[in-house]
4 protein chains.
Amino acid sequence: MHAKLTGQDVAKHNNKDSCWVIVHGKAYDVTEFLPEHPGGSKIILKYAGKDATEEFDPIHPPDTLDKYLDKSKHLGPVDMSTVEAEVKAEDPEEAARQERIANMPILEQCYNLLDFEAVAKHVMKRTAWAYYSSGADDEITMRENHSAFHKIWFRPRILIDVEHVDTSTTMLGDKCSIPFYVTATALGKLGNPEGEVVLTRAAHKHDVIQMIPTLASCSFDEIVDAKKGDQIQWLQLYVNKNRDVTRRIVEHAEKRGCKGLFITVDAPQLGRREKDMRSKFEDVGTSVQKVENDNVDRSQGAARAISSFIDPSLSWKDIAYFQSITKMPIVLKGVQRVEDVILAVEHGCAGVVLSNHGGRQLDTAPSGIEVLAEVMPELRKRGMENKIEIYIDGGIRRATDIIKALCLGAKGVGIGRPFLYAMSAYGEAGVNRAMQLLKDEFVMNMRLIGANKVEDLNPSMVDTRGLFTHTVSTASDTLSSSAYDVLCAPSFKEKAKL
Amino acid sequence: MHAKLTGQDVAKHNNKDSCWVIVHGKAYDVTEFLPEHPGGSKIILKYAGKDATEEFDPIHPPDTLDKYLDKSKHLGPVDMSTVEAEVKAEDPEEAARQERIANMPILEQCYNLLDFEAVAKHVMKRTAWAYYSSGADDEITMRENHSAFHKIWFRPRILIDVEHVDTSTTMLGDKCSIPFYVTATALGKLGNPEGEVVLTRAAHKHDVIQMIPTLASCSFDEIVDAKKGDQIQWLQLYVNKNRDVTRRIVEHAEKRGCKGLFITVDAPQLGRREKDMRSKFEDVGTSVQKVENDNVDRSQGAARAISSFIDPSLSWKDIAYFQSITKMPIVLKGVQRVEDVILAVEHGCAGVVLSNHGGRQLDTAPSGIEVLAEVMPELRKRGMENKIEIYIDGGIRRATDIIKALCLGAKGVGIGRPFLYAMSAYGEAGVNRAMQLLKDEFVMNMRLIGANKVEDLNPSMVDTRGLFTHTVSTASDTLSSSAYDVLCAPSFKEKAKL
Amino acid sequence: MHAKLTGQDVAKHNNKDSCWVIVHGKAYDVTEFLPEHPGGSKIILKYAGKDATEEFDPIHPPDTLDKYLDKSKHLGPVDMSTVEAEVKAEDPEEAARQERIANMPILEQCYNLLDFEAVAKHVMKRTAWAYYSSGADDEITMRENHSAFHKIWFRPRILIDVEHVDTSTTMLGDKCSIPFYVTATALGKLGNPEGEVVLTRAAHKHDVIQMIPTLASCSFDEIVDAKKGDQIQWLQLYVNKNRDVTRRIVEHAEKRGCKGLFITVDAPQLGRREKDMRSKFEDVGTSVQKVENDNVDRSQGAARAISSFIDPSLSWKDIAYFQSITKMPIVLKGVQRVEDVILAVEHGCAGVVLSNHGGRQLDTAPSGIEVLAEVMPELRKRGMENKIEIYIDGGIRRATDIIKALCLGAKGVGIGRPFLYAMSAYGEAGVNRAMQLLKDEFVMNMRLIGANKVEDLNPSMVDTRGLFTHTVSTASDTLSSSAYDVLCAPSFKEKAKL
Amino acid sequence: MHAKLTGQDVAKHNNKDSCWVIVHGKAYDVTEFLPEHPGGSKIILKYAGKDATEEFDPIHPPDTLDKYLDKSKHLGPVDMSTVEAEVKAEDPEEAARQERIANMPILEQCYNLLDFEAVAKHVMKRTAWAYYSSGADDEITMRENHSAFHKIWFRPRILIDVEHVDTSTTMLGDKCSIPFYVTATALGKLGNPEGEVVLTRAAHKHDVIQMIPTLASCSFDEIVDAKKGDQIQWLQLYVNKNRDVTRRIVEHAEKRGCKGLFITVDAPQLGRREKDMRSKFEDVGTSVQKVENDNVDRSQGAARAISSFIDPSLSWKDIAYFQSITKMPIVLKGVQRVEDVILAVEHGCAGVVLSNHGGRQLDTAPSGIEVLAEVMPELRKRGMENKIEIYIDGGIRRATDIIKALCLGAKGVGIGRPFLYAMSAYGEAGVNRAMQLLKDEFVMNMRLIGANKVEDLNPSMVDTRGLFTHTVSTASDTLSSSAYDVLCAPSFKEKAKL
């Protein structure tokens, strides 16, 4: 056993011709890997010759270097006492964030899922917030996902005995306490140092299903290891161009007990999210010089950094392949029109998730709830309504949203960002409270709509007449509206401040 | 007769193991009652060993302790001179409120019902305001209740002789001066120390009917005692799980002369109102420590404090029971869809109130006026339009709103919050002016629509084409709208301040 | 001839038991008239014993006292040198207004009708502005009047030879240069000391027709005297309960050459306009004490002050009477639904004005342009489209608005407030520029729509599909919209101020 | 050769009776030309006796004086050293602009076309910005052009192999890399001193077609000279009343290789653009005195300055003439209704551009995309869909906008202002980045909608149900909305600044 490397040894390799970095106390030679790095070489070079652990951690599972970097490039442990401590410049923005954290509302002050988002917005790091909260282009679809629910109104029944409300249901044959599941979202450590296992523990506590993301910050096995008892987990899959890689992932997941395979089909290419790109730019861009004309999009935020492993040629004919390598029920995640639901039935899929990827892919794609309202009548017309389970995700913030989806025929709904926000602001306690609030709302609103079990919900309980209208009001006549003298309430005497 | 208790005697019992409180100069042992208190034990413990009168009064009728606390727990009078006066901390918010009260607009400056709300918002205590003004979830239904009227437009007739306008009508067979009634609202003393009897006196003056709330701050008998002459009152009823309790209430009301029994059917569980919860939290939360994970909703505002006495198992089969115990006409309050109006007819109800409980129960439940526009054509189709009286409440602020409801077939409308706001800001004079303003508006608008009695109003006088549209505009393209350079009016030279 | 009265003589009669006032150098005893004053006694008593000329002038034609006050109450001339000059308190609001006037934009900076409104808003006296600009209740109809035009979109024709555009047309058989007329509006001297004759002169210059208001500040004869050559004028009529008074007015108008009689039918009672009432209140209310409970609406603004002379019993059967006393064509002003247009045809009326009185009467009454779009197809179906001339008024601000009305079948449109605003801000020059701007817009837009004369305009040139939709967007989900992190444009470095 | 003129020689001719000006070092006698100047004599007189080059340049091609001013008025070169340098007053607005330019975002911070607009707004001269950014009347159509795209939603297909996306297409038979072209816009030098040739170079680099504007700042030949290789250019034509002038232009363009003739048909008269007029007014108006009544619109901005050369009598019968003088395919630019597309087919046109001239002509004219959605079904019904190529322009800012147009049947789309803004803010590099961003978006969104070549796009991929709705929400009830107490997120402790 030879002596540990010193900080000075590593520091010499600080450029693209020879680039070493330290991660978790070990040095790696990434010179040859630079051009292949999905997130671009620039971000690595920022840490050339230095300790990159802090930047590395949230966006790579711990087994990344073992899996993707040849052993010959593993240079061994570094004597960290010899590594020059990075003197961080005073960052007034970070100082302000720390002050906000010190003054943040206590958990009990959060009364609904949106409250977590409002808190997270102010206590998360800006780049992390930007990654979680951003959507495609003008973020119209992202916002539509939630507001679409406000186009659906209830037709509640009264004088139904609702003393006992049973919220349990099944998904892909497995029982769960309430018809929502934790959907897959990437890079959990951006919000919490423990990452996705926090969600696993909360999911167990509340008996809800968790879908494990391909792009988790924790490794797949860490997340599976965190489950307890007969807790149900599913696997979300981005299909790699190298089908062997994909096969190993699927087979491993099945062996580890995953109960469903959710293949993402709405992301042949990961979307551009400008809020994310802009936040990243400003993070690395402080000393950036004027650039030449053609260099488009070199710094593209976290979303683009993780997009290389997805096969854009994935098509319907690949479904049979997946059916050949696994017994897990196969669900297509990201279906966006009724024709493709029919195809999914015909290809023997167990389910579909009507989803636009949280509004992060194609802007002005319709919301899952709107597609659902078109899908179910067509399935019923064809007698297919029991041949497939329909899920939706996107924009769900209230139990009323879940109930509307169930009235329209969904088997369950996926919830993503709200739990990330709860976790980012308050950790596991936050996620627990978020789930409990949803459950409390759910029981109450079942009573108020006049239903005491999930099966009671049906289309006659909702009015969807406004759902399909995508209007934009005619532009306001600003001369007229600014000339208009707005009506005022009675005025208090001058001194009183309102 | 033994000596009075002293403040010191009581002060020793200041914890959950032995909890005494003073109310109106008498001590009570509420130790055993703590876990049963509908508002939670926390709020009582805040006053353990102390005088709780000020907190107790607005949310409990004076006969509460006699009715609900066993006599053995009544410890007798306290020598109040020995009770240590609570030294109230300087409260800058309360000081600011008192200054606003000193500067508030005079009553004559209120020209419509909304003006009272604008004033009340600034002069009421925050917790009281929050209780009155809050609604369910995102308060979408609460606001829809009013804005739905703006989707209905008039088709006025001209050249009708409208010199003499008669605004009188009947409700459940009793005459009244104008087709609105004071609907039941809880906790009147939050707004005015006298509570609901203020409304009773104003109702008498204007010859309008009052519905007495189950959850009044005054006792039922106080409210009935306040009526004069042949003034008409109805009883609003929350049905208790213990039917004997309910029976006693109903029989007593009938004996005291109530002319209608309005059974609330939209509240098997009282709604969550977050504005109310939040205001309450901040009131008791100043010294609150970080709480453990699971403690959901321990401080839940006034609304939750009063919700335990409602039977969630109430159902259609109970209607016959009520018909068996009273001769009062039975009206279902809180019907929300046409199918249930038909059921009400079939069950022999005298009327229904199409209502969503002021938007305080199920969010995105439809407004009463919208349901009305669906109900009446269906009743007419079935020849049932004269078999039942249809009322609506929610969102009525203008006489035009009342006229629209009557055009569509309502027999009358209930008005709640506006009178509470008028009472809270200006007392009885405020309620009187509010009613008079409505009457003046009503006469004028009857003239302007070309009707001189209530019976003249009919569906041809309104255009409801926009009523059923529940749209949400597509999310704005903020990059584009912020880049847009808004047109401006001609500019004044610099010095002039506009 | 006896000696003139002195200021001291008059000053003694300064109360309701003996109330003298000076108007234009003459004293009047108005003690007995106090209770009959349409504007209430309060406003007169403010000037009891004093010179009331300045307040009197804008809201009374000069012949008012001669016409309505018995000669015995005319006390004769006052030696004005003995009248104590009113020492006006420094009024900071008036000083600010004068400064704005000193800095106001020059006339050339007004490029459209709305610009005059924006200027007038800042340079008019607040009470005058409030009287002109106010509408009924929530002013929803007032604003709808203009915005309804934005629901109509053009379907322009191209490649039409539009070198020569002829904008002339006829109304009630008389030629005019362009299809708009100056409609009747009350109290012109509130905006300009000369009053309505300013409009008369501008109308002559531009060869447009003027409708003379019953409630003008100038006397009827002053306005007729101001016309030149064969200038066309019409009479707008509020029908007095005393038909002899009305008959004298009509016969006199016909004798003086009026070419049309426009009977107002949308105002059996003058509307409540709260902005007007509130401004008036604040004007007289500075020393007002808290008032007793019942005194509703004692100070009600200019609108209510002039409302007593209107007969609310006017009805269809009165039309024949008017036909018997005049040969002028009779036009009903204020028709609001298609059924009543049919009745007007059947009663032999020459025309109707589809109008809601500028949104000043019944709130949520439909706009004239919307009613027009319903009326014309029905008239055509019945073969009545040539039996009556259809006019509209309300909300017209652009030549495109006029063109839309003409495409839909209107013979012409009335314009009121915009000319008042132009007159109030810039006098006659302002009205001239306003008319010229409209003409320039009209010629240009005729070219752009592909029409070179008024007759070319037809319904195929407009798309009215959105016109009949009266929507109110579902209330915004404020928690969600405030949590949303709005997309931003690229940021400038810190120092740059945008 | 005689001696050069001196500054003093020229300076004597400084009034309307004798008016000389210097342009690019040469003197011209423009006395007789003053009344004919399309931009009015006022702006020339401002420079009488002086050097006008700086004002002249951006709004006149360099060959203007040679072409339009008789040689006898060309006075020859001036010794510029004798011309008194104009002492420019300190202009705080210009100084602020220069500071903004110094601090402007670097090009890499622009992530989409709207970002360029946001930057250009702050770094362009106000008058130039006003000319580019202004629209007709209330700019409703201008804004509708973009927002109309937000009424169209996608129906994306999934599981299509989209590894290889081919974005190329043809227009009028010529190949290009992507289905957009640079449409004609006037006065390029207002944004960049080099003018339109900047666009020519960028168009070449990206293999997109450029349409050359009649009203370019560069001369036609300069723009053609700037093209490289087989780069495609088209000619946009305003038809002059003198057909010989027009003929010379057309023949010359054909000879120089233009591949399409786009005749503007939506501008028989150039529109009024008040933002432009207002900015111009304020530029020349600093010393303006109060003007007389009638002088309407003497200073009317850049738009009016260039409008005299357009023949308003152009009509359908002129099409044959153009077909007789050129072999270039003829396309009508500015068609606005389906009937006129049919006529275009019948007249043998090769194409039409559905356009409202960027919202600069007739306000409330429909957007091109809306007209397209009406046109294509009608063409298909008549079997004409292959007889003509349909283009649209107006409001395109995202690749999704282009894809929507192509789904609905457009052959391509024109983009104007965005490239002007990119050029004005960042020069050629800006235009290049703008085009590259569009291309990147295009490829990605083709993948996300499930198409790998332009031909795959079809109407089933879009939902246009909301497109034809032109609504204006009912005016808000301001009393109610201001009384409403908005829901708030949990509050941070006081010190924290959010």
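This is a predicted model, so every value here is computed, not measured. (Residues numbered from 1 in each chain as written. Chains lettered and ligands numbered in written order. Predicted model: local features only at pLDDT ≥ 70, side-chain atom pairs only at ≥ 80, totals over all residues. Heavy atoms only, no water.)

With 80 residues of chain C in contact, the opposing surface of chain B contributes 62 residues. Overall, the association of chain C and chain B removes approximately 6,400 Å² of surface from exposure, summing both partners, and the carbon and sulfur fraction of that is 57%. The interface formed by chain C and chain B includes nine salt bridges. One salt bridge in this structure joins Arg465(B) and Glu370(C), with 3.7 Å as the shortest N-O distance. (Contact = heavy atoms within 4.5 Å. Buried area = accessible area lost by both parts, 1.4 Å probe. Salt bridge = Lys/Arg side-chain N within 4 Å of Asp/Glu carboxyl O.)

Another point: unusual backbone geometry. All names here are of chain C. Positive phi outside glycine occurs at Asp137, with the angle close to 45°. In this structure, Asp137 sits in the loop between α7 (126–133) and α8 (140–147). A residue is classified by how much of its surface remains accessible, and Asp137, at 2% relative accessible area, is buried. Of note in this structure, Leu187 is not a glycine but carries a positive phi near 60°. Turning to its location among the elements, Leu187 is positioned in the loop between β8 (180–182) and α9 (197–206). Classification of Leu187 as buried rests on a relative accessible area of 1%. (Helix = DSSP H or I, 4+ residues; strand = E, 2+ residues; numbered from the N terminus. Buried < 20%, exposed > 50% of the residue type's maximum accessible area, 1.4 Å probe, protein only.)

Below, the discussion takes up the packing of aromatic side chains. Taken as a whole and assessed by the stated rule, the structure comprises 40 aromatic pairs over all chains. Their ring planes at 40° and their centres at 5.8 Å tell us that Phe180(A) and Phe419(A) sit as a pair that is tilted. Note that Phe180(A) is positioned in strand β8 (residues 180–182) and Phe419(A) in helix α18 (residues 417–449), a separation of 239 residues in sequence. Given the relative accessible area of 0%, Phe419(A) is considered buried. Their ring planes at 70° and their centres at 6.1 Å tell us that Trp234(C) and Tyr391(C) sit as a pair that is edge-to-face. Separated by 157 residues along the polypeptide, Trp234(C) in strand β10 (residues 233–237) and Tyr391(C) in strand β14 (residues 389–393) bring together distant segments of the chain. Through successive ring pairs, a cluster of aromatic residues spans Tyr181(A), Trp234(A), Phe262(A) and Tyr391(A). We note Arg360(B) situated over the ring of Tyr131(B); from NZ or CZ to the ring centre the distance is 4.8 Å. (Phe/Tyr/Trp six-rings, centres within 6.5 Å; stacked < 30°, edge-to-face > 60°. Lys NZ or Arg CZ within 6 Å of the ring centre and 35° of its normal.)

Turning our eyes to something else, we now look at the relation of the copies chain C and chain B. Structural alignment of chain C on chain B gives an RMSD of 0.1 Å, achieved by rotating through 90° and translating 0.0 Å along the axis. Both copies of the chain, as the preceding transformation shows, are related through a four-fold rotation axis. In terms of proximity to the rotation axis, the leading residue of chain C is Ser473(C), whose C-alpha is 4.9 Å off the axis. An asymmetric contact is evident, with only 15% of the interface residues of chain C recurring at the interface of chain B. (Least-squares fit on C-alpha atoms with pLDDT ≥ 70 in both.)

This next bit is on the pairing of strand β9 (residues 209–212) of chain A. Residues and elements named next belong to chain A. Of the two faces of β9, the one carrying Ile209 and Met211 and the one carrying Gln210 and Ile212 are both buried. In this sheet, β9 lies alongside β8 in parallel orientation, the contact comprising two bridges. In the strand pairing of β9, Val182 is matched with Gln210. As a crossover connection, the stretch from β8 through helix α9 (residues 197–206) into β9 is right-handed. (Pairing = 2+ DSSP bridges. Right-handed = clockwise from strand over helix to strand, strands pointing away.)

Attention now moves to the environment of Asn386(A). Positionally, Asn386(A) belongs in the loop between α16 (368–381) and β14 (389–393). Along the sequence, Asn386(A) and Asp138(A) sit 248 residues apart, while their C-alpha atoms lie 37 Å from each other.

Right, let's talk about the domain arrangement of chain A for a bit. Interface extent is often summarised as the accessible area lost during association of the parts. All names here are of chain A. The assigned domain composition of chain A is domain 1 (5–82) and domain 2 (113–280 + 306–463). Measuring from the centre of the C-alpha atoms in domain 1 to the corresponding centre in domain 2 gives 35 Å. Across the boundary between the two partners, domain 1 contributes 11 residues, which contact 12 residues of domain 2. In this structure, the connection of domain 1 to domain 2 is made through one salt bridge. Note that Glu54 is salt-bridged to Lys125, the shortest N-O span being 4.0 Å. In this assembly, domain 1 and domain 2 are joined by one residue pair in polar contact (both at pLDDT 80 or more). In terms of residue count, helix α3 (residues 53–59) provides more of the side of domain 1 that touches domain 2 than any other element does, five residues in total. When the residues that make up the side of domain 1 that touches domain 2 are grouped by side-chain class, the tally is six nonpolar, one polar and four charged. (Domains from an automatic or database assignment. Polar contact = N/O pair within 3.5 Å; in protein donor to acceptor, adjacent residues only side chain to side chain. Nonpolar A, V, L, I, M, F, W, Y, C, P; charged D, E, K, R; others polar.)

So, on to the relation of the copies chain D and chain B. Mapping chain D onto chain B calls for a screw motion: a turn of 180° about the axis and a shift of 0.1 Å along it, with 0.1 Å RMSD after fitting. Overall, the copies show the geometry of a two-fold rotation axis. Ranked by how close their C-alpha atoms come to the rotation axis, the residues of chain D are headed by Ser473(D), at 4.8 Å. Here 100% of the interface residues in chain D have copies in chain B that are interface residues too; the copies meet face to matching face.

This next bit is on the pattern of salt bridges. Here the structure, examined in full by the defined rule, presents 131 salt bridges over all chains. The salt bridge partner of Asp66(A) is Lys71(A), with a shortest N-O separation of 3.6 Å. Under the relative-accessibility criterion, Asp66(A) is labelled partly exposed at 45%. Classification of Lys71(A) by relative accessible area gives exposed; the value is 54%. Here Glu144(D) ties to Lys151(D) by a salt bridge, and the two come within 3.0 Å at their closest N and O atoms.

Another point: the side chain of Asp29(A). Residue and element names in this part refer to chain A. Of note, Asp29 is situated in strand β3 (residues 26–29). No salt bridge is formed by the buried Asp29. Its closest oppositely charged neighbour is Lys73, at 4.7 Å. Among the polar contacts made by the side chain of Asp29, one reaches the side chain of Thr31 at a distance of 2.5 Å. Leave out the neighbours within four places in its chain, and Asp29 touches Cys19, Trp20, Leu69, Lys73 and Leu75. (Lys, Arg positive; Asp, Glu negative; His and termini not counted.)

Across the contact, 32 residues belong to chain D and 32 residues belong to chain B. Contact between chain D and chain B buries roughly 2,500 Å² in total, counting both sides, with carbon and sulfur atoms accounting for 56%. The interface formed by chain D and chain B includes zero salt bridges. Linking chain D with chain B are 16 residue pairs in polar contact (both at pLDDT 80 or more), by the criterion used here. Contributing elements (two or more residues each) for the side of chain D that touches chain B: α6 (113–123), α8 (140–147), α12 (274–284) and α19 (478–483) of chain D. The greatest single-element share of the side of chain D that touches chain B, amounting to five residues, is contributed by α6(D). Considering only residue class, the side of chain D that touches chain B consists of 12 nonpolar, seven polar and 13 charged.

Detailed reading of predicted coordinates is not advised where the pLDDT is low. Residue and element names in this part refer to chain A. On average, residues of chain A score 91 in pLDDT, and 93% of them reach the 70 mark or higher. Throughout residues 284–300 the model reports pLDDT below 50, and contacts reaching past four residues in sequence, or to other chains, amount to 29 contacts. This model gives residues 302–307 a pLDDT under 50, and the stretch forms 22 contacts once residues within four places in sequence are excluded. For this predicted complex, the interface confidence reaches an ipTM of 0.91, while the overall pTM sits at 0.92. (pLDDT = per-residue confidence, 0-100.)

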